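Summary of structural features
If you want the building blocks of each chain, they are given just below.
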Number of protein chains: 2
Amino acid sequence: MKDLKDKILSEGDVLPGGVLKVGSFLNQQIDTVFLKKIGEEIRSLFADSGAEKILTVESSGIAIAVAAGMAMDLPVVFAKKSKTSNVSGEIYTSLVHSFTHGTDNHIMVSKEYLPSGLKILIVDDFLAHGSALNGLIAIAEDAGCEVVGCCSVIEKGFQLGGDNLRARGYRIESLAIIDEMTDSDIIFR
Amino acid sequence: MKDLKDKILSEGDVLPGGVLKVGSFLNQQIDTVFLKKIGEEIRSLFADSGAEKILTVESSGIAIAVAAGMAMDLPVVFAKKSKTSNVSGEIYTSLVHSFTHGTDNHIMVSKEYLPSGLKILIVDDFLAHGSALNGLIAIAEDAGCEVVGCCSVIEKGFQLGGDNLRARGYRIESLAIIDEMTDSDIIFR
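Numbering of residues starts from 1 in each chain and follows the order in which that chain's sequence is written. Think of it this way: whatever chain is written first is A, whatever ligand is written first is 1, and the rest follow in order. Note on the predicted model: pLDDT of at least 70 is required for a residue's local features to be given, and 80 or more for side-chain atom pairs to be given and counted; whole-chain, interface and lining totals, by contrast, use all residues.

This part is about the interface of chain A and chain B. Counting from both sides, the interface comprises 36 residues of chain A and, opposite them, 36 residues of chain B. Taken together, the elements giving at least two residues each to the side of chain A that touches chain B come down to strand S2 (19-21), helix H2 (23-27), strand S3 (29-30), helix H3 (32-46), helix H4 (60-72) and strand S5 (76-79) of chain A. If one sorts the elements of the side of chain A that touches chain B by residue count, H4 of chain A sits on top with 5 residues. A class-by-class count of the residues in the side of chain A that touches chain B yields 16 nonpolar, 15 polar and 5 charged. With 2 bridges joining them, S5 of chain A and strand S3 (residues 29-30) of chain B adopt antiparallel strand pairing. Each bridged residue has a counterpart across the sheet, and for Val76 of chain A the counterpart in S3 of chain B is Ile30 of chain B. Whether two residues are in contact depends on their C-beta atoms, placed from the backbone: they are in contact if these lie within 7 Å. Secondary structure counts use DSSP, requiring at least four H or I residues in a row for a helix and at least two E residues in a row for a strand, with both numbered from the N terminus. Amino acids are sorted into nonpolar (Ala, Val, Leu, Ile, Met, Phe, Trp, Tyr, Cys and Pro), charged (Asp, Glu, Lys and Arg) and polar (every other residue, Gly among them). Two strands form a pair only when DSSP identifies at least two bridges running between them.

Listed below in structure tokens is the structure:
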């Protein structure tokens, strides 16, 4: 997605530790006009997928999932990182390590929102080591759902999470894949 | 908003401890077709407000803020509940007690996204004791921004957070206000 690559180059900031900061438009501040385009791009990539529901994980996946859901007229479910008093009943859960935050989280989804047999499209803002996607795939498959594809906005190709999932046969699309990232340069695949 | 009241009555679930569960369409699963209508309703309420940016707090406020931002063509900023490695630089912060989760969180926004003088519309999914709104107002005013209004989707009128803020002179709108809630009945204002 050319607009996205341009935006990453003009507004992205490489921080120490291989963190790409895109807070100005994607995950702290959200450029809603641009977000709409992201939703439409996801729709055009997965129009033929048969997806019936979109699954993501809080919190920075929510905006992306909502944009895709609005473009595709599909409901969104987001996994939570902690069990709150408004999560009742039985849940599916999976352990996810966040390299960005340095934490382990049990992510969870109420069973009622993932009925068996549903075709699921998983979306998230970033795909790096693939920890979040693996956790979401595990939850969807535990529920007896079919993962028809996964879409990240920005994939860090050099951290191999995406390529490992592709090797396992999943359809993984990313709107921009970064193969190399230094303080002064970002090289796309 | 009549559609919303109908949806609360047909899909909402009153849990012990005064928790209204609307996870089927608002804050675990998101009905994106309905969410679009919520965004349009917020636009029609605040079209004359002069709002230049929408502020909310992660994570369940994000979908509402994105819907409003898309309807109003305004950028969204969301406060985070923990400092992550992609939040760099100076921040505004405020202490918020969550009655639902039983926790205290320092919510924070990078200073770069709240330049002084900006007109801010604050949105959230729920307004109960007003803790989150008070925290967001404190952050916006610390930044030298003007809070032109606050909009919650569902206000628990019996918990007085909204009325206390109205008494302080803020423009507070809620798409549905619940004045009484029991296991068997929900009464709107």
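Turning next to the sheet that holds strand S9 (residues 146-156) of chain A. If you trace the 7 strands from one edge of the open sheet to the other, you get S11(A)-S10(A)-S9(A)-S8(A)-S4(A)-S5(A)-S3(B), paired in mixed fashion. The strands lining the two open edges of the sheet, one partner per strand, are strand S11 (186-188) of chain A together with S3 of chain B. Comment: axis = line fitted to C-alpha atoms, over the contacting stretch for helices; angle = value between 0 and 180 degrees taken between N-to-C directions. Strand contacts of helix H1 (residues 2-11) of chain A: S9, strand S10 (172-181) and S11 of chain A, with the helix running at about 35° to S10 of chain A, the strand carrying the most contacts.

Orientation of H4 of chain A relative to helix H3 (residues 32-46) of chain B, taken along the N-to-C sense of each, is 100°, at an axis distance of 9 Å. Comparing their axes, H3 of chain B and H4 of chain A come out roughly perpendicular. Where H4 of chain A approaches H3 of chain B, its residues Val66, Gly69 and Met70 of chain A are matched on the opposing element by Thr32, Leu35 and Lys36 of chain B. Taken together, the residues of the contact of H4 of chain A with H3 of chain B sort by class into 3 nonpolar, 2 polar and 1 charged. Here is the rule for angles: anything less than 35 degrees is roughly parallel, anything more than 145 is roughly antiparallel, 65 through 115 is roughly perpendicular, and the remaining ranges are oblique.

All names here are of chain A. Here a helix's expected span is defined as the number of its residues, less one, multiplied by 1.5 Å. Between its first and last C-alpha, H3 extends 21 Å over 15 residues, near the 21 Å set by a 1.5 Å rise per residue. Regarding H3, the residues found buried are Thr32, Leu35, Ile38, Gly39, Glu41, Ile42 and Phe46. Taken around the axis of H3, the buried residues stretch over an arc of 160°, which confines them to a single face. Any residue with 12 or fewer other C-beta atoms within 10 Å of its own C-beta is exposed, any with 20 or more is buried, and the rest are partly exposed; the C-beta atoms used are placed from the backbone. The arc in question is the one traced by the directions running from the helix axis out to the C-beta atoms.

Structurally, a nonpolar core is described as a collection of buried Ala, Val, Leu, Ile, Met, Phe, Trp, Tyr and Cys residues joined by way of C-beta atoms within 7 Å. Formed by 118 residues in total, the largest nonpolar core has its most connected members in Val66 and Ile122 of chain A together with Val66 and Ile122 of chain B. With sequence-adjacent residues up to four places away left out, Val66 of chain A is seen in contact with Val76 of chain A together with Ile30, Thr32, Leu35, Ala63 and Val66 of chain B.

With that out of the way, let us pick up the relation of the copies chain A and chain B. Superposition record for chain A on chain B: RMSD 0.0 Å, screw rotation 180°, translation along axis 0.0 Å. Put plainly, the chains are arranged around a two-fold axis. Among all C-alpha atoms of chain A, that of Ser59 of chain A lies closest to the rotation axis, at 2.6 Å. Interface overlap between copies is the fraction of interface residues in one copy that are interface residues in the other; for chain A against chain B it reaches 100%, indicating a shared surface. What sets the superposition is a least-squares fit of C-alpha atoms, and only residues with pLDDT of at least 70 in both copies go into it.

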